[in-house]
Number of protein chains: 2
Amino acid sequence: MATMKDVAKLAGVSVATVSSTLSGRSFVSDELKQRVEAAIRELGYAPNAMASGLKRGTSSLIGLIVPDITNPFFTELVHCIQRRAAEAGFVVLLGVSDDQVAREVELIALMRSHQVAGTIVIPCGGEQDCMNLSRLAAGMPLVAADNAPPGMAVDTVVLDNRMAATLATSHLLSLGHRIIATIAGPPHRFVSHERFVGFTTVLEGKGLSVGADHVKRGDFHVASAREAGLALLQSAPRPTAIFVANNQMLIGTMQAVAEMRLSVPRDVSIIAIDDFPWAAAFTPTLTTVRQPIDALAEAAIERLKLRVGGLQEDPCRVVLAPELVIRQSCRAPLEDA
Amino acid sequence: MATMKDVAKLAGVSVATVSSTLSGRSFVSDELKQRVEAAIRELGYAPNAMASGLKRGTSSLIGLIVPDITNPFFTELVHCIQRRAAEAGFVVLLGVSDDQVAREVELIALMRSHQVAGTIVIPCGGEQDCMNLSRLAAGMPLVAADNAPPGMAVDTVVLDNRMAATLATSHLLSLGHRIIATIAGPPHRFVSHERFVGFTTVLEGKGLSVGADHVKRGDFHVASAREAGLALLQSAPRPTAIFVANNQMLIGTMQAVAEMRLSVPRDVSIIAIDDFPWAAAFTPTLTTVRQPIDALAEAAIERLKLRVGGLQEDPCRVVLAPELVIRQSCRAPLEDA
DNA sequence: CCCCCTTGACGAAACGTTTAGCTAAACGTT
DNA sequence: AACGTTTAGCTAAACGTTTCGTCAAGGGGG
């Protein structure tokens, strides 16, 4: 690998001049500029990002910590964040916490040791874990997205989860459903809690109550929802609609329905939070509440850029609105039900 | 951020001793070791990966360049690679080429400038582009996976694409299909070509020929396959089965079938290469040819580790076998067809 | 004509590690 | 007792940048 010294020698200038040419931070005459550029081309020189990072005490890296990249919501979020990061000149250092808080903590340290300019984290833990996270960040710009409770000491970018649940639940009510069940997420997580509260609040507002039999908890993965779905569909009275807390559990729920030889939406209506690329390819096509994923990514990168730029002010919270996407998996309940 | 110097001062030793304690590369007495460790804890010291990387001329970073993270095959591959990389002590620097060869080339340079230990790339171009890639790698350990033609000057890890096509086509033949169409991938790509050759070879072996009307080219994305599917389903004679070259195009094909008010597998059988997490959640469940994704990831990381370790030998090619996953989207053609 | 300011380029000192080479002490051998 | 050998630890020189301070040359104002 050619270094700046080699370039300088070939161009007959000092390394300082080469550096100035590259960074444009101070004036270099056109003549030298051209000699330097020629030398760079000839040697195939590329700057050593580690040396530069070491000297400057920071880098063009940003950390991105996600719980699980195979969940299509996270896949899309990673995709959007990576694209916007690249546009902003950042390279993404990817960490997967695998839903383990301990791993998440390790990853924060890892990011720091790699001198990232900042980190975007999608926390996988409960409120307490999140508070802990913001403490660990100390010094490193951190933005928490998605599962980020208010009160964290860092910028947060989240969906309006209550509104998402409200949209879904109101939609079911407006179709005439009165016996509505839910498959909620892990109780300690912020997003689960909000979605569940949104759900119950709407029902209570209508004077409806949800029986304990009609509330199941999953872990946001497929299998747990299949089991929960089977239980719900065997309960009496059988719910005419199910509100599912995320996309993966939606799949599990559909499996349960199929196993019971029931049909969506004839026997039961299903709605979930998180749209996903193939929701329109299923039979029936799936009604969902869509998160504005790209807007989340944009806001996260935006906040990070500001913090990296040295902005010192109180943590800011960005809350974005969801959107109801009506497809075929919900319709009015059968009269005879 | 505390540095090694701070630790050394607090522990009353030299920085060299701290370094030795951390790396274990030379002997340090138990007493000093403990003093150093105590100081590290007290200061919350974490090594500066850039300084270490600069000095050692390499890092614990590996580059990973993929065309498109939202394609579930790539999602899963990234997931597996990232997991195995983490197990091997590497951190993944993620680059997305977005199917653009120029971007891919930039990313290789980017990885190099970040002093990665090595890079795994899933090339997005044709044979020539791939040859070019191996040249660009010069000096940096590179492993090409998936769309990697033989003859590249680097280690390659690929699916036996012809066998995959053979499994799929033979399955259709064994069910009794004789009018079989295909939606192939972009012609210049290695994987497309192999899959297409596998398909035609099997048919020709049976004395069957494929009409030009029954061969469509897509771009591996959903929309192109929808169009191709519509065209195929309107051709005469209508094919009784379609072999689709990848998972995203499978979705597009299913959409086309639905738009034509036809039904799978009654009116047409559909099979594709690339299994994906929800293939079993569709109605009907989808018959596919599964790539051994984790084995691909394992082999890629394994080769990379060897090369990073300094192995100098001729490029090696790992070819892995696919597996037919029979579900509901293929069955015998209707007699009256 | 002198002084001062600006401009363009350079030299050299960092940044936080790793590591080769060195020192001094401790030990075992004759 | 003199000598090598081993050991534990230290000193200092890199690694490839960035950047501060310096410097010479040139120009303009007094």
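What you are looking at is a predicted structure, and each value in this text was computed from that prediction instead of being measured.

1. A closer look at the domain arrangement of chain A
Residue and element names in this part refer to chain A.
- Split into domains, chain A comes out as domain 1 (4–47), domain 2 (56–160 + 292–322) and domain 3 (161–290).
- Distance between the C-alpha centres of domain 2 and domain 3: 29 Å.
- Between domain 2 and domain 3, the buried area comes to about 1500 Å², and carbon and sulfur atoms account for 52% of it.
- Here Arg 189 ties to Asp 99 by a salt bridge, and the two come within 3.0 Å at their closest N and O atoms.
- On the surface where domain 2 and domain 3 come into contact, there are 10 residue pairs in polar contact (both at pLDDT 80 or more).
- By residue class, the composition of the side of domain 2 that touches domain 3 is 10 nonpolar, four polar and six charged.

2. Here's the deal with the sheet that holds strand β1 (residues 61–66) of chain A
- Ordered by their spatial adjacency, 12 strands build an open sheet running β11(A)-β5(A)-β4(A)-β3(A)-β1(A)-β2(A)-β2(B)-β1(B)-β3(B)-β4(B)-β5(B)-β11(B), and the pairing between neighbours is mixed. One side of each edge strand has no neighbouring strand; the edge strands of this open sheet are β11 (317–320) of chain A together with β11 (317–320) of chain B. Strand-to-strand twist in this sheet, taken as the mean axis angle between neighbours without regard to direction, amounts to 20°.
- One ladder, built from three bridges, connects strand β3 (residues 118–121) of chain B with strand β4 (residues 142–145) of chain B; its direction is parallel. Residue pairing in the sheet places B:Val121 in a bridge with B:Ala144 of β4(B).

3. So, the side chain of A:Thr240
Residues and elements named next belong to chain A.
- Along the chain, Thr 240 falls in the loop between α10 (222–234) and β8 (241–244).
- Residue classification places Thr 240 among the buried positions, given a relative accessible area of 12%.
- At 2.6 Å, the side chain of Thr 240 forms a polar contact with the side chain of His 177.
- Apart from residues lying up to four places away in sequence, Thr 240 is in contact with His 177, Arg 178, Ile 179, Asp 267, Val 268, Ser 269 and Pro 333.

4. A short note on the protein's contact with DNA strand C
- Residues in close proximity to DNA strand C total 23 residues, the closest being A:Thr17, A:Ser29, B:Met4, B:Ser19 and B:Tyr45.
- Atoms of DNA strand C within 4 Å of the protein: sugar and phosphate make up 74%, bases the balance.
- Between A:Ser14 and DNA strand C, the recorded distance is 3.1 Å, taken from a backbone N or O atom to a phosphate oxygen.
- One nitrogen or oxygen atom from the side chain of B:Ser19 is found 2.7 Å from a phosphate oxygen belonging to DNA strand C.
- Among the elements of the structure, α2 (15–23) and α4 (49–56) of chain A together with α2 (15–23) and α4 (49–56) of chain B are those that each provide at least two residues to the surface near DNA strand C.

5. Comments concerning the relation of the copies chain B and chain A
- Of the transformation placing chain B onto chain A, the axial shift is 0.0 Å and the rotation is 180°, giving an RMSD of 0.0 Å. Seen this way, the second copy is the image of the first under a two-fold rotation axis.
- Most of the interface of chain B is mirrored in chain A, where 100% of its interface residues again form contacts.

6. Quick word on the protein's contact with DNA strand D
- Taken together, 23 residues sit near DNA strand D, with A:Met4, A:Ser19, A:Tyr45, B:Thr17 and B:Ser29 positioned nearest.
- What you see for DNA strand D is that sugar and phosphate hold 71% of its atoms within 4 Å of the protein.
- Take A:Ser19: an N or O atom from its side chain is 2.8 Å from a phosphate oxygen of DNA strand D.
- Take B:Ser14: an N or O atom from its side chain is 2.9 Å from a phosphate oxygen of DNA strand D.
- Ranked by residues supplied to the surface near DNA strand D, first place goes to α4(A) with four residues.
- Residues of the surface near DNA strand D, tallied by class, amount to 12 nonpolar, seven polar and four charged.

7. Remarks on the nonpolar core
- By size, the foremost hydrophobic cluster in this structure holds 60 residues, and its most contacted members are A:Ile242, A:Phe282, B:Ile242, B:Phe276, B:Trp278 and B:Phe282.
- Every residue in contact with A:Ile242, bar those within four places of it in the chain, is listed here: A:Ala181, A:Thr182, A:Ile183, A:Leu232, A:Leu233, A:Thr253, A:Val268, A:Ser269, A:Ile270 and A:Ile271.
- Counting residues in hydrophobic clusters, the runner-up holds 58 residues, among them A:Ile62, A:Ile120, A:Val157 and B:Val66.

8. Things to note about the environment of B:Asp294
Residues and elements named next belong to chain B.
- Looking at where Asp 294 falls in the secondary structure, it is placed in helix α12 (residues 293–308).
- Linking Asp 294 and Ile 40, residues 254 residues apart in sequence, is a C-alpha distance of 38 Å.
- Beyond its immediate sequence surroundings of up to four residues, Asp 294 is in contact with Cys 80, Arg 83 and Arg 84.

9. A word on the interface of chain B and chain A
- The partner chain A presents 40 residues to the 39 residues of chain B that form the contact.
- Looking only at chain B, the three residues that lose the most surface to chain A are B:Met50, B:Leu94 and B:Trp278, adding up to 20% of its buried area.
- On the surface where chain B and chain A come into contact, there are zero salt bridges.
- Taken together, the elements giving at least two residues each to the side of chain B that touches chain A come down to α4, α5 (72–87), β2 (91–96), α6 (101–113) and α11 (247–259) of chain B.
- The greatest single-element share of the side of chain B that touches chain A, amounting to seven residues, is contributed by α5(B).
- The pairing of strand β2 (residues 91–96) of chain A with β2(B) spans three bridges and is classified as antiparallel. Within β2(B), the residue paired with A:Val92 across the bridge is B:Leu94.

10. Some words on the packing of helix α5 (residues 72–87) of chain A against helix α12 (residues 293–308) of chain A
All names here are of chain A.
- At a minimum axis separation of 9 Å, α5 and α12 run at an interaxial angle of 45°. Classed by the angle they form, the pair α5 and α12 counts as oblique. At the point where α5 passes α12, the crossing takes the right-handed sense. Counted together, Phe 73, Glu 76, Leu 77, Cys 80, Ile 81, Arg 83, Arg 84 and Ala 85 of α5 and Ile 293, Asp 294, Leu 296, Ala 297, Glu 298 and Ile 301 of α12 form the full contact between these two elements.
- Residues that form the contact of α5 with α12 fall into these classes: nine nonpolar, no polar and five charged.

Conventions used here
- Here the residue index of a chain counts from 1 through its sequence in written order.
- Written order determines the labels here, with chains lettered from A and ligands numbered from 1.
- Local features in a predicted model are, by the rule used here, given only for residues with pLDDT of at least 70; side-chain atom pairs are given and counted only at 80 or more, and totals for whole chains, interfaces and linings are based on all residues.
- Hydrogens and waters are ignored; side-chain quantities use all the structure's heavy atoms.
- The domain boundaries here were taken from an automatic or database domain assignment.
- The term buried area means the drop in 1.4 Å probe accessible area that two parts suffer when joined, counted for both and summed.
- Should a side-chain nitrogen of Lys or Arg be within 4 Å of a carboxyl oxygen of Asp or Glu, the pair is scored as a salt bridge.
- Any N or O atom pair separated by 3.5 Å or less is treated as a polar contact, with the protein-specific requirement of one donor-capable and one acceptor-capable atom, and with residues adjacent in sequence counted only for side-chain atom pairs.
- For this scheme, ten residues count as nonpolar: Ala, Val, Leu, Ile, Met, Phe, Trp, Tyr, Cys and Pro. Four count as charged, namely Asp, Glu, Lys and Arg, and the remainder, Gly too, count as polar.
- For two strands to pair, DSSP has to find at least two bridges joining them.
- A run of H or I in DSSP becomes a helix once it reaches four residues, and a run of E becomes a strand once it reaches two; helices and strands are each numbered from the N terminus.
- Where helices are involved, their axes are fitted lines through C-alpha atoms of the stretch in contact, as for all axes, and angles between N-to-C directions lie from 0 to 180°.
- Working definition: with a 1.4 Å probe on protein chains only, accessible area under 20% of the residue-type maximum means buried, over 50% means exposed, and in between means partly exposed.
- Contacts between residues were defined by any pair of non-hydrogen atoms, one from each residue, lying within 4.5 Å.
- The cutoff for a nearby residue is simple: one of its non-hydrogen atoms must lie within 4 Å of the molecule or strand.
- Alignment of the copies relies on least squares applied to C-alpha atoms, considering only residues that score at least 70 for pLDDT in both.
- Buried Ala, Val, Leu, Ile, Met, Phe, Trp, Tyr and Cys residues form a nonpolar core when they are joined through side-chain atoms within 4.5 Å.
- Each angle is binned into one of four classes, with values under 35 degrees roughly parallel, values over 145 roughly antiparallel, values of 65 to 115 roughly perpendicular, and all other values oblique.
- Working rule for handedness: look at the near helix, and if it is turned counterclockwise from the far one by less than a right angle, call the crossing left-handed; if clockwise, right-handed.

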